[in-house]
Amino acid sequence: MIPAIIRAYRHAYPNVQLDLREGNAAELTEWIEDGKVNIGFLRSPVSQPRGICFQHLLDEEMLLIVPVGHALLPKKMTGEMPVLSIKSLAQEQFILVRRHGAPGMYSNLIDACEHAGFTPRITLEVERMLTNISLVAAGVGISVVPASMKNFHRDSVVYCRMRDAKPALVAPITLVSRESGGLPVERNFLELAKKIQKEYKKC
């Protein structure tokens, strides 16, 4: 969804220069609060300061990723995505994004594991999702990522759906802006994002 929103905005307003920055949820929220950034996309808010608006756009399915050839995978792989029970992960070593970077996804996974009867063995915490996937590819452990990342390292990792996860593991996409509405270029971006959100919900 995010690339679609940015692409549509660039097409509709070609004279507006977009300056794109990367940061975690805490950084993006702080930058918007301080007026350093106009609009941000993040997963779950880590704080909700006054004057800042958080609009939930979409929930992505969280997928389990394991190295190619992992013992939990079916011996004969078909073209369909494997489905693994969360209970089967009790003895695995997890690589997770640090708690301050993705608090909701991190804590929900721990809750789901504990509901399944075990506490996950966290062997490593990293800053970025792509680092996560690279370490799984290297055989360091297993992890979970949003479904939109399922095309990375397809030659060395396998993406799997999870069965019996309670709570359900999802990765929200949240649009962050100032409640004041800001400049016309900001309002145009927000209106376009809402329009594209409705199109995605119909799919």
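The structure reproduced in this document is the subject of the present report. (Residues numbered from 1 in each chain as written. Predicted model: local features only at pLDDT ≥ 70, side-chain atom pairs only at ≥ 80, totals over all residues. Heavy atoms only, no water.)

**Brief notes about a negative patch on the surface**
As a reminder of what qualifies: Patches here: salt-bridge-free residues with over 30% relative accessible area, like charges joined within 9 Å, nonpolar side chains (Val, Leu, Ile, Met, Phe, Trp, Tyr) joined within 5 Å. Calculation of accessible area relied on Shrake-Rupley with a 1.4 Å probe; when residues are assessed, cover is drawn exclusively from the protein chains displayed. A side-chain nitrogen of Lys or Arg and a carboxyl oxygen of Asp or Glu constitute a salt bridge if their distance falls within 4 Å. Note on charges: Lys and Arg go in the positive column, Asp and Glu in the negative column, and His and the chain ends are not counted at all. Charge positions are represented by NZ for Lys, CZ for Arg, CG for Asp and CD for Glu. A run of DSSP states H or I qualifies as a helix once it reaches four residues; a run of E qualifies as a strand once it reaches two. Both are numbered from the N-terminal end. Burial classes follow relative accessibility: with a 1.4 Å probe on protein chains only, a residue under 20% of its type's maximum area counts as buried, one over 50% as exposed, and anything between as partly exposed.
A cluster of acidic residues, E27, E30, E33 and D34, forms a negative patch on the protein surface. Mapped onto the fold, E33 is located in helix 2 (residues 25–33). The exposure class of E33 is partly exposed, given its relative accessible area of 43%.

**Quick notes on the environment of I32**
Applicable threshold: Contacts between residues were defined by any pair of non-hydrogen atoms, one from each residue, lying within 4.5 Å.
With respect to the element layout, I32 can be found in helix 2. Of the residues examined, I32 reaches a relative accessible area of 0% and is grouped as buried. With 145 residues separating them along the chain, I32 and S177 place their C-alpha atoms 6.7 Å apart. I32 has contacts with V37, N38, I39, G40, I52, V176, S177 and R178, leaving out every residue within four places of it along the chain.

**Comments concerning the pairing of strand 2 (residues 52–67)**
Selection criterion: When DSSP finds at least two bridges between two strands, those strands are taken to pair.
Inspection of the sheet shows strand 2 paired to strand 8 (residues 170–178) by nine bridges, in the antiparallel sense. Considered in strand 8, the bridge of E60 is made with A171. Looking at chain direction, strand 2 and strand 6 (residues 143–146) are connected through four bridges and run antiparallel. Each bridged residue has a counterpart across the sheet, and for L63 the counterpart in strand 6 is V145. Here strand 2 pairs with strand 7 (residues 157–163) via four bridges, running antiparallel. Residue P67 lies in a different strand from strand 7, and its bridge partner there is V157.

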